[in-house]
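Working through the structure, step by step
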Amino acid sequence: MVLVLIILAIFTSGCEEGLSAETLNLKEDSKLSEKLSLEEARQQANFEIITPEYLPEGYAFNYSMVYDSSAVTPEGQDSRIVILNYQKRNESFQIKETVYERKLGIRGAEITIYPGKPEENSLIKLAEKISIDGRDGKYLEARGDLKVLQWEFEGVEITLKGSLEKTEMLKIAESIQKPFTEFYILGPEGTAENYPTEYVLEESGTVIVGIINHEQKPVNYTMEVRLEEISLPLPEDWKNIFIENNKTLERAINITPPFEGTGMKLEFLLYNKDKKDMFEGDISVPYRDLHLWINVEQNLLENGSTPLTEL
């Protein structure tokens, strides 16, 4: 129960008189970091930090803190924690993201599997059960105007603490999603239809390529187009694509097949240049990929002779 009490100390500071000492111990023993920018926190954390898309009016990101709890928790209950602080003048709220580590303990011939996550605190057990974007969560109103919202998202325990209204806290919670990128192609009229699939050799067809960055940070992308595993030439601006967070790039591209064939695979491969781990051996793995099936035939009017007609 030590870890639960420590966590509660962080998120109910000032609500229980006996918690201030434990908060001090946490700072001394758990390798609590200095205040960091979000990018610095991402570099230090050993899991992917997720941030809200929605913030109440006037609030902005202030700082992050990163620490591990191995020094102050019972055996097998280690966790890695990131705290995100958002500020509006003298008001603030915090988001805490916790990843618990499962471990094997070996003593002689005895093997113990530690589940990582400790037993739920009795106060949280009494909290109101609530749905957060279809996920089970708990909502607690502590003393004063402090409120706590807790749920789990893809292996990360998230705790939101502040004096915001319940509806605002739910909006923040439901906007927290894993970073992702939208990648799509449209026909020349800008709709998801009428894609050019019938080509004449060395003549061009046009598609519109769209990329929307929801990675919660600016991203450098690059794109490749392949026909039957052969790369097609692209302008330089498709090889170095920089998109700010929550921004969209939508641009037409001309495809000129260099050889003929039927039922050929035309691939659009998007790479995230900031994802250093996306490799299989020495081969870079596309971050997103799309494809069309196309046919390419010769231009018989240009390359073929017109047969003579007998009188």
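Being a predicted model, the structure only gives us computed values, none of them experimental.

**Description of the environment of V82**
- Assignment of secondary structure puts V82 in strand β2 (residues 79-88).
- V82 sits in the buried class, given a relative accessible area of 0%.
- Along the sequence, V82 and D68 sit 14 residues apart, while their C-alpha atoms lie 8.8 Å from each other.
- In this view, V82 contacts A45, F47, I49, M65, V66, I95, K96 and E97; residues no more than four positions away in its chain are not counted.

**Considerations on the side chain of T51**
- The residue T51 is located in the loop between α3 (38-44) and β1 (60-68) in this model.
- Overall, the relative accessible area of 7% leaves T51 in the buried class.
- Apart from the residues within four sequence positions on either side, T51 is in contact with L38, R42, L84, Y86, S175, I176, Q177 and Q216.

**Section: the confidence of the model for the protein chain**
- Chain-level statistics for the protein chain give a pLDDT mean of 80 and a share of 72% at 70 or above.
- The model gives residues 1-30 a pLDDT under 50, and that stretch makes 52 contacts with residues more than four places away or in other chains.
- Segment residues 303-311 is flagged for pLDDT under 50; beyond a separation of four residues in sequence, or across chains, it makes one contact in the model.

**Some remarks on the nonpolar core**
- Judged by nonpolar contacts, the single largest core of 29 residues is most densely connected at F93, I95, L149, W151, I158 and L160.
- Secondary-structure elements contributing two or more residues to this core are α3, β2, β3 (91-100), β6 (128-132), β8 (147-153), β9 (156-162) and α5 (166-174).
- By residue number, the principal contributor to this core is α5, which donates four residues.
- Each residue touching L149, except ones within four places of it in the same chain, is listed here: I130, I132, K138, Y139, I158, T159, L160, M169, L170 and A173.

**A closer look at empty space enclosed by the protein**
- By the definition in use, this model includes one cavity of 30 Å³ or more.
- Space inside the largest cavity adds up to approximately 30 Å³.
- Residue lining of the largest cavity: I132, D133, R135, W151, F153, A173, E174, I176 and Q177, and that is the complete set.
- Counting only elements with at least two residues in the lining of the largest cavity, the list comes to β8 and α5.
- Classifying every residue of the lining of the largest cavity gives five nonpolar, one polar and three charged.

About the thresholds
Residues numbered from 1 in each chain as written. Predicted model: local features only at pLDDT ≥ 70, side-chain atom pairs only at ≥ 80, totals over all residues. Heavy atoms only, no water. Helix = DSSP H or I, 4+ residues; strand = E, 2+ residues; numbered from the N terminus. Buried < 20%, exposed > 50% of the residue type's maximum accessible area, 1.4 Å probe, protein only. Contact = heavy atoms within 4.5 Å. pLDDT = per-residue confidence, 0-100. Core = buried A, V, L, I, M, F, W, Y, C linked by side-chain atoms within 4.5 Å. 1 Å grid on protein atoms, 1.4 Å probe; cavity = no way out; pocket = protein on both sides within 12 Å on 5 of 7 lines; lining within 4 Å. Points joined across faces, edges and corners; volume = space filled by probe spheres on them. Nonpolar A, V, L, I, M, F, W, Y, C, P; charged D, E, K, R; others polar.

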